[in-house]
Amino acid sequence: MEVITDNLDLWGEALTGTLVLFFGGGLLALLLGFIVGAMRVSPIPVARAVGAVYVNWIRNTPLTLVMFFFAFCLPILLRERIDAILLATLALGVYTATYVAETLRSGINTVPVGQAEAARALGLTFGQVMTLVVLPQATRSVIPPMMSVFIALLKNTTVAAGFSVLNLGSVRAWLSERGENQLVTLLWVMVIFVVLVLLLAWLQRAMERKWKVAR
Amino acid sequence: MTSVLYDVPGPKAIARNRILGLVTIVVILAAVGWVIWRFAATGQFSADKWEIFTYGAIWQRLLDGAVATLTAFAAAAVGALVLGFVLAVGRLSDRAWIRVPVGWLTEILRAIPVLVFMMLLYYGLPVIGVRMEPYWAVVIALVAYNGSVLAEVIRAGVESLPRGQSEAGYAIGLRKAGVLRLILLPQAIRAMMPVIVAQLVVTLKDTALGFIITYPELLYVIKLLGSNAVYSSPLIQTAIIGGSIYVAMCLALSYVAYRIEQRTKRRQQQQAAEGGTPHHPMGPGGTDTELIALQARAGKLDPGSAPPA
């Protein structure tokens, strides 16, 4: 326990780093994932193809490699020094967006076509079909898998440790310079992650129960 | 074609879709053009940046890196499959003193980030006098994580089977072990094959984490070669070439998963056409989403609950 109480400042910074990566990356992933997901289900063949290529390529690229491109290659191309945590957040967002897009797409696919056809037969406009019939149903089936995507994102924030970002994954390196026991530090990091993941999983279950679709 | 989102397009919609298609093309071209412009502006196209790839020895090192990646992947894949079986069988046990601890172990292993586990093995264990090569840290961490995920996949496969399957097994006088080995597991594995292979893609991708704990796999070689000032530090160039090798390997394995999935679907359709009862363990959703759900739903802490009826 002394490893934590003696170095509260560092642990605080590390936790902040992880949370910034998580929420920043999550927000970016939602924005980008929404756009790509919309492209994937759009009636425009070009947009569908672009979305498919993006999703398939990025999903088959290791996150470490994506972060490698952002952390090392982007600053060379821009000829500028960029904050490491910003680059890591971008990489996490771009990577996670593919999973968000796929979750949205499969969520929309769970709505039976008859629902939309019936709505159109009633004379509802596109906007009404979406907001009154399709999206309410799709949202419900999307929320549990979307939470799983975010749990995966939380664990993925540790990868930023390899690219000089202070977070829970890299707090070991900083603490070992202060002469702390690395084994104990890492065991505490594990405990923190298990607790955080369980917290998100609990939230997921609560939402699942609340939003369950009766079909 | 009509879908949930849009009707068959009329003349207006066709015109609008064309315009939107053009806009998409313009945006993509602009993005590609920007990258090419930045490449040109920072001299990435100059010959000395690419010269490194004219040497056979450099390609040999990239190849060595790829082999190191594949070696770690192969060992981790075999280990994860074995561990997955053991944990799945343990969690399906009738004895609570086996089922509950195995359940907790599976959940905890799934909740720990792979990289943190690797660090624990590589940086943490030397504190108590256990030293290991980066290779073993990578392999053991990957086995622990992917094994626990595969255990859940296999268990989900077994539990999604119709109850009549095991009842019929018991009825002809098989014991628990026989029912599991001869009736439940073969069907579960067949049904879950696409998800299992997809999880192996995750394993292959995660070998890249070895880069962070100095395991000399492909990404490590890329960084090493790319920082070499003798070849005017061609970091972007090596990342593009080496990264393509990585992505090609993962895409190839993903394609295998895709083919297996297609084959399973076809077989189910055949069965349905022949009047049999098609068996949909995953439902119509994409396997990836299911996979993430299995990986991350670490909070379903019900290690003690008996298999549902």
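On a predicted model such as this, the values are computed, not experimentally measured, just so you know.

As for the overall build of chain A
Phase 1 of the analysis: Counting its regular elements, chain A contains nine helices and zero strands.
Phase 2 of the analysis: Traced from its N-terminal end to its C-terminal end, chain A shows the element sequence α-α-α-α-α-α-α-α-α.
Phase 3 of the analysis: Across the 215 residues in chain A, those meeting the buried criterion constitute 45%.
Phase 4 of the analysis: Summarising the internal contacts of chain A: among those between residues at least 6 apart in sequence, 72% fall at separations of at least 24.

Topic: the overall build of chain B
Phase 1 of the analysis: Counting its regular elements, chain B contains 11 helices and zero strands.
Phase 2 of the analysis: For chain B, the succession of helices and strands along the chain, N to C, is α-α-α-α-α-α-α-α-α-α-α.
Phase 3 of the analysis: Burial analysis of chain B (309 residues in total) assigns 39% to the buried set.
Phase 4 of the analysis: Contacts in chain B between residues far apart in sequence, at least 24 positions, make up 76% of those at least 6 positions apart.

Considerations on the environment of Gln60(B)
Phase 1 of the analysis: Looking at the element boundaries, Gln60(B) is found in helix H3 (residues 56-91).
Phase 2 of the analysis: Between the C-alpha atom of Gln60(B) and that of Arg190(B), which follows or precedes it by 130 residues, the distance is 39 Å.

Some words on the domain arrangement of chain B
Quoted interface sizes are often the accessible area lost when the parts come together.
Phase 1 of the analysis: The assigned domain composition of chain B is domain 1 (1-42) and domain 2 (47-296).
Phase 2 of the analysis: Look at where the C-alpha atoms of domain 1 of chain B and domain 2 of chain B centre, and you get two points 36 Å apart.

Observations regarding the interface of chain B and chain A
Phase 1 of the analysis: In this complex, chain B contributes 57 residues to the contact, which on the side of chain A involves 59 residues.
Phase 2 of the analysis: Broken down by secondary-structure element, the contributors of at least two residues to the side of chain B that touches chain A are helix H1 (11-41), helix H4 (96-111), helix H5 (114-124), helix H8 (176-206), helix H10 (235-273) and helix H11 (287-296) of chain B.
Phase 3 of the analysis: The leading source of residues in the side of chain B that touches chain A is H10(B), at nine residues.

Quick notes on the confidence of the model for chain B
Regions with low pLDDT carry predicted coordinates that are not meant to be interpreted in detail.
Residues and elements named next belong to chain B.
Phase 1 of the analysis: For chain B, per-residue confidence averages 86 on the pLDDT scale, and 88% of positions sit at 70 or higher.
Phase 2 of the analysis: Segment residues 281-286 is flagged for pLDDT under 50; beyond a separation of four residues in sequence, or across chains, it makes 11 contacts in the model.
Phase 3 of the analysis: Considering only residues more than four positions removed or in separate chains, one finds that residues 298-309, a stretch of pLDDT under 50, has 26 contacts.
Phase 4 of the analysis: Listed scores for the predicted complex are pTM 0.87 and ipTM 0.90.

Looking at unusual backbone geometry
Phase 1 of the analysis: If you check the backbone angles, Ser164(A) has positive phi at about 45 degrees while not being a glycine.
Phase 2 of the analysis: Looking at the element boundaries, Ser164(A) is found in the loop between helix H7 (126-156) and helix H8 (171-177).
Phase 3 of the analysis: Its 13 C-beta neighbours within 10 Å are what place Ser164(A) among the partly exposed residues.
Phase 4 of the analysis: In this model, Ser233(B) sits at a positive phi of 40 degrees, which is unusual for a non-glycine residue.
Phase 5 of the analysis: Relative to the helices and strands, Ser233(B) is located in the loop between helix H9 (218-226) and H10.
Phase 6 of the analysis: For Ser233(B), a count of 16 C-beta atoms within 10 Å gives the class partly exposed.

So, the nonpolar core
Phase 1 of the analysis: Core analysis: the biggest nonpolar cluster contains 130 residues, and Val116(B), Phe117(B), Met118(B) and Ala141(B) have the highest contact counts within it.
Phase 2 of the analysis: Ranked by the residues each element gives to this core, the list is headed by helix H6 (residues 134-159) of chain B, at 14 residues.
Phase 3 of the analysis: Apart from residues lying up to four places away in sequence, Val116(B) is in contact with Thr158(A), Gly169(A), Leu186(A), Val189(A), Met190(A) and Phe193(A).

Let's talk about H6(B)
Phase 1 of the analysis: Taking 1.5 Å of rise per residue, 26 residues should cover 38 Å, and H6(B) covers 37 Å from first to last C-alpha, within 8% of that figure.
Phase 2 of the analysis: Burial analysis of H6(B) places 21 of its 26 residues in the buried class, which makes it a mostly covered element.

Things to note about the packing of H9(B) against H10(B)
Angle between the axes and distance between the axes: these two values describe a pair of packed helices.
All names here are of chain B.
Phase 1 of the analysis: Here H9 crosses H10 at 165 degrees, and the two axes come no closer than 8 Å. Accordingly, the angle class assigned to the pair H9 and H10 is roughly antiparallel. Taken as a pair, H9 and H10 cross one another with a handedness that is right-handed. Contacts between H9 and H10 pair Leu218, Val221, Ile222, Leu225 and Gly226 from the former with Leu235, Thr238, Ala239, Gly242, Ile245 and Tyr246 from the latter.
Phase 2 of the analysis: Tallied by class, residues from the contact of H9 with H10 come to eight nonpolar, three polar and no charged.

A few points about the packing of H3(B) against H9(B)
All names here are of chain B.
Phase 1 of the analysis: The contact between H3 and H9 brings their axes to 7 Å, and the two run at 150 degrees. Compared by their axis directions, H3 and H9 come out roughly antiparallel. In this structure, H3 uses Ile58, Arg61, Leu62, Asp64, Gly65, Ala66 and Thr69 to contact H9, whose residues at the interface are Leu218, Tyr220, Val221 and Leu225.
Phase 2 of the analysis: The residue makeup of the contact of H3 with H9, split by class, is seven nonpolar, two polar and two charged.

Considerations on the environment of Glu261(B)
Residues and elements named next belong to chain B.
Phase 1 of the analysis: Inspection of the secondary structure assignment puts Glu261 in helix H10.
Phase 2 of the analysis: In this structure Glu261 comes out as partly exposed when scored by C-beta crowding, with 18 C-beta atoms within 10 Å.
Phase 3 of the analysis: For the pair Glu261 and Pro194, spaced 67 residues apart in sequence, the C-alpha separation works out to 5.3 Å.

Quick notes on the rules
Residues numbered from 1 in each chain as written. Chains lettered and ligands numbered in written order. Predicted model: local features only at pLDDT ≥ 70, side-chain atom pairs only at ≥ 80, totals over all residues. Helix = DSSP H or I, 4+ residues; strand = E, 2+ residues; numbered from the N terminus. Buried ≥ 20, exposed ≤ 12 C-beta atoms within 10 Å, placed from the backbone. Contact = placed C-beta atoms within 7 Å. Domains from an automatic or database assignment. pLDDT = per-residue confidence, 0-100. Core = buried A, V, L, I, M, F, W, Y, C linked by C-beta atoms within 7 Å. Expected span 1.5 Å × (residues − 1). Axes fitted to C-alpha atoms, helices over the stretch in contact; angles between N-to-C directions. Parallel < 35°, antiparallel > 145°, perpendicular 65-115°, else oblique. Left-handed = near helix turned anticlockwise from the far one by under 90°. Nonpolar A, V, L, I, M, F, W, Y, C, P; charged D, E, K, R; others polar.

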